[in-house]
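Each chain is listed here by its residues.
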Amino acid sequence: MSSTNSTKFLDLFNNVDEYKQAMCAKVVDVIRTSNRLGMENFDRIMTIESCHDKINQLSERILHRIYQMKSHIQSSDWDQLDSDEKLEQLVDINDTLFERIASALDDADGLKQSSVSTVVRQVVIKPQLKFKHKIDNSTQIPFIPKIRNKPHAQIPLPMFMTQMNFESIDLDLLEKHPAILDHPYVNEITSFEPDEIVLKLGELHFPKTIEQTKCLFVDTIDTLKTMMDHIEIQSELAIDLEHHSYRSYQGFTCLMQISSRTEDFLIDTLALRDELSILNNVFTNPKVLKVFHGADWDVEWLQKDFGIYIVNMFDTHQAGKELNLPTLSLAYLLKTYCNIDASKQYQLADWRLRPLPKEYCRYAQEDTHYLLYIYDRLRNQLIESNKNNTEFLRSVYSKSKIICLRLYKKPIFDENTYKTLYLKAHKTNFNGSQLAALKLLYAWRDKIAREEDESTSYVLPDLLLIHLAELLPKDPQGIRACCKLVPELVEKNLEEIHRLLMQAIEKPLVDLNDVKSNFDECLQNTRSISSSNKHISTES
């Protein structure tokens, strides 16, 4: 802290939270930029002399900073390390630095005990503990669609589905009625064709500012009814979701944003989780256009959490791809078409917080407030770029229909996917016991995550899992010593983890050639999945 400006954190920020949000925005920028670069283009980029020199200069600066911050790594030692060892060192340094930064921030924010008083950090109670219907993470029963009423149906919902009890579904019922697992709106989505009026050039009317626009926070039955009265008479709506996945195995939607041409709505989907199926009256109405940006996950989350489906959607992300825009993020569209600099600091926010801070609400509102205007601009551009032909525009609607047909399925566990983690960690020399430990811990982590309704990352982060499998600590205290910060569920299950590690030492994987022969195939699959899903991490 500066003695000349004691009210500012680092002389620049009003408080530690503001500093952390600013740093988070910087990290998001780096991730987005690196994703756009793409490793497949790296070798080609490095052939450009100016790029090659710039990247090498940056690398030297980064390493120099590392030497300054981590005294036990010396430059003379660094030159003798191979690439995997260097990566390992960097990962270790990164973990240590983040641990120190977190500790320093806690000190600065007054969150640690002092001799005068103790300040306790706010704890967010897991919202899913209050859900009416307990989340089923089991592997035995697949995800069962929640829909019990089907508005705007061409083909009615089977009678047995309208009478199903959420709590009494078993495998016998699924064998008797396999149609339970089908997409209930397949016919309505596939037969949908956009009206001719939306395939023509339209007038452009820039929306009022957020400050000038009425925004209703919907968290009661009464406010839900008020919103429904409004959106049911609209012909176009913009929609977005805020989702949480770190403290939940399957994740859950925390907030929904809906904007018409004149009003914005923020729906507390935690408070109204069991009431939102009523939105199917609008969301499946083929006469109401629903505009999303990057709806791949949104479509599945709506099904999973609320039994909501979409008929008649325009995905602005797909429109951007059709137009070959240089960047497909919503931030780019906001800047290009609305001259709005999107706030980035709340992209990694915890949307479970209640009450929602006003800054969170502003960020969420901005995501849909301008989206209908962006749709107008993209629609006209799609028509004009094809000499007033509607081919490009129809293509966007067709691709959006494919997204609407996505069907949510529970995450499945494949005991062999530990190999993908092994390859991603750039490990190539594990012995039989180490590989056995990796396989056992990988399966244990998934089991605990399902039982406790936590993400696998929360239960046991990837790097720590690899670390434990590599070091094979011989006792519970050794397990603790491997962790700079011992995860809650690792501490709770120390004896079980110790037992698994001893089992791996006693019964190593024998046929290593057979195990490692599949690794190249796993790596290729990982690259394909990463490439196909890359746009998801850059949409916002």
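Residues numbered from 1 in each chain as written. Predicted model: local features only at pLDDT ≥ 70, side-chain atom pairs only at ≥ 80, totals over all residues. Heavy atoms only, no water.

Engineer: When you look at helix H23 (residues 494-506) in this model, what are you seeing that I'm missing?
Structural biologist: Given 3.6 residues to a turn, an α-helix orients residues that are three or four positions apart in the same direction. With 13 residues, H23 extends 18 Å between its outermost C-alpha atoms, agreeing within 8% with the 18 Å of an ideal straight helix rising 1.5 Å per residue. Where H23 is concerned, the buried positions are Leu-494, Ile-497, His-498, Leu-500, Leu-501 and Ala-504. Seen along its axis, H23 keeps its buried residues to an arc of 160°; they face one direction. For H23, the exposed residues set more than 90 degrees away from the buried face come down to Glu-495 and Glu-506. (Helix = DSSP H or I, 4+ residues; strand = E, 2+ residues; numbered from the N terminus. Expected span 1.5 Å × (residues − 1). Buried < 20%, exposed > 50% of the residue type's maximum accessible area, 1.4 Å probe, protein only. Arc of directions from axis to C-beta.)

Engineer: Can you help me understand the nonpolar core in this one?
Structural biologist: Across soluble globular proteins, nonpolar side chains have a tendency to be buried as a group. Met-227, Met-256, Ile-258, Leu-279, Phe-283 and Phe-314 are the most contacted members of the largest nonpolar core, which has 74 residues in total. Top element by residues in this core is helix H15 (residues 371-384). It accounts for eight residues. Not counting the four nearest positions on each side in its chain, Phe-314 is found in contact with Leu-289, Lys-290, Val-291, Phe-292, Ala-319, Tyr-375, Leu-382, Leu-393, Val-396, Tyr-397 and Ser-400. Of all hydrophobic cores here, the second largest spans 33 residues; its members include Tyr-422, Leu-435, Tyr-458 and Ile-479. (Core = buried A, V, L, I, M, F, W, Y, C linked by side-chain atoms within 4.5 Å. Contact = heavy atoms within 4.5 Å.)

Engineer: I tried to follow the pattern of salt bridges on my own but got confused; where do I start?
Structural biologist: Note on pairing: side chains with opposite charge can pair once their charged atoms come close. By the definition in use, this model includes 26 salt bridges. Residue Lys-335 pairs with Asp-341 through a salt bridge whose shortest N-O separation is 3.1 Å. The class for Lys-335 is partly exposed, based on a relative accessible area of 38%. Among the ionic pairs, Lys-492 bridges to Glu-452, the shortest N-O distance being 3.3 Å. On the criterion of sequence distance, the pair formed by Lys-492 in helix H22 (residues 488-492) and Glu-452 in helix H18 (residues 432-452) is long-range, its members being 40 residues apart. Accessibility expressed as a relative area gives 58% for Lys-492, which makes it exposed. Judged by its relative accessible area of 31%, Glu-452 is partly exposed. It is possible to trace a salt-bridge network through shared partners that takes in Glu-236, Arg-261, Asp-376 and Arg-379. (Salt bridge = Lys/Arg side-chain N within 4 Å of Asp/Glu carboxyl O.)

Engineer: Mind showing me how you'd approach the packing of helix H13 (residues 330-338) against H15 here?
Structural biologist: Two numbers describe a pair of packed helices, the interaxial angle and the distance between the axes. Following both chains from N to C, one finds H13 and H15 inclined at 75°, their axes separated by 10 Å at the closest point. In terms of orientation, H13 and H15 fall into the roughly perpendicular class. Only Leu-371, Tyr-373, Ile-374, Arg-377, Leu-378 and Gln-381 of H15 make contact with H13, whose side of the interface consists of Leu-330, Leu-333, Leu-334, Tyr-337 and Cys-338. Looking at side-chain class alone, the contact of H13 with H15 contains nine nonpolar, one polar and one charged residues. (Axes fitted to C-alpha atoms, helices over the stretch in contact; angles between N-to-C directions. Parallel < 35°, antiparallel > 145°, perpendicular 65-115°, else oblique. Nonpolar A, V, L, I, M, F, W, Y, C, P; charged D, E, K, R; others polar.)

Engineer: I tried to follow the packing of aromatic side chains on my own but got confused; where do I start?
Structural biologist: Each aromatic ring pair is characterised by the separation of its centres together with the angle its planes make. In the structure shown here, the tally under the stated rule is 15 aromatic pairs. On the numbers, 5.2 Å between centres and 50° between planes, the contact of Tyr-346 with Tyr-360 is tilted. Separated by 14 residues along the polypeptide, Tyr-346 in the loop between H13 and helix H14 (358-369) and Tyr-360 in helix H14 bring together distant segments of the chain. Each member of the pair, Tyr-346 together with Tyr-360, is buried. Seen in terms of ring centroids, Tyr-422 and Phe-430 are 5.1 Å apart; in terms of plane orientation they differ by 65°. Their pairing is edge-to-face. Relative accessible area serves as the criterion here: at 2%, Phe-430 is assigned to the buried category. Grouped by ring-pair contacts, the aromatic residues Tyr-346, Trp-351, Tyr-360 and Tyr-363 constitute a single cluster. (Phe/Tyr/Trp six-rings, centres within 6.5 Å; stacked < 30°, edge-to-face > 60°.)

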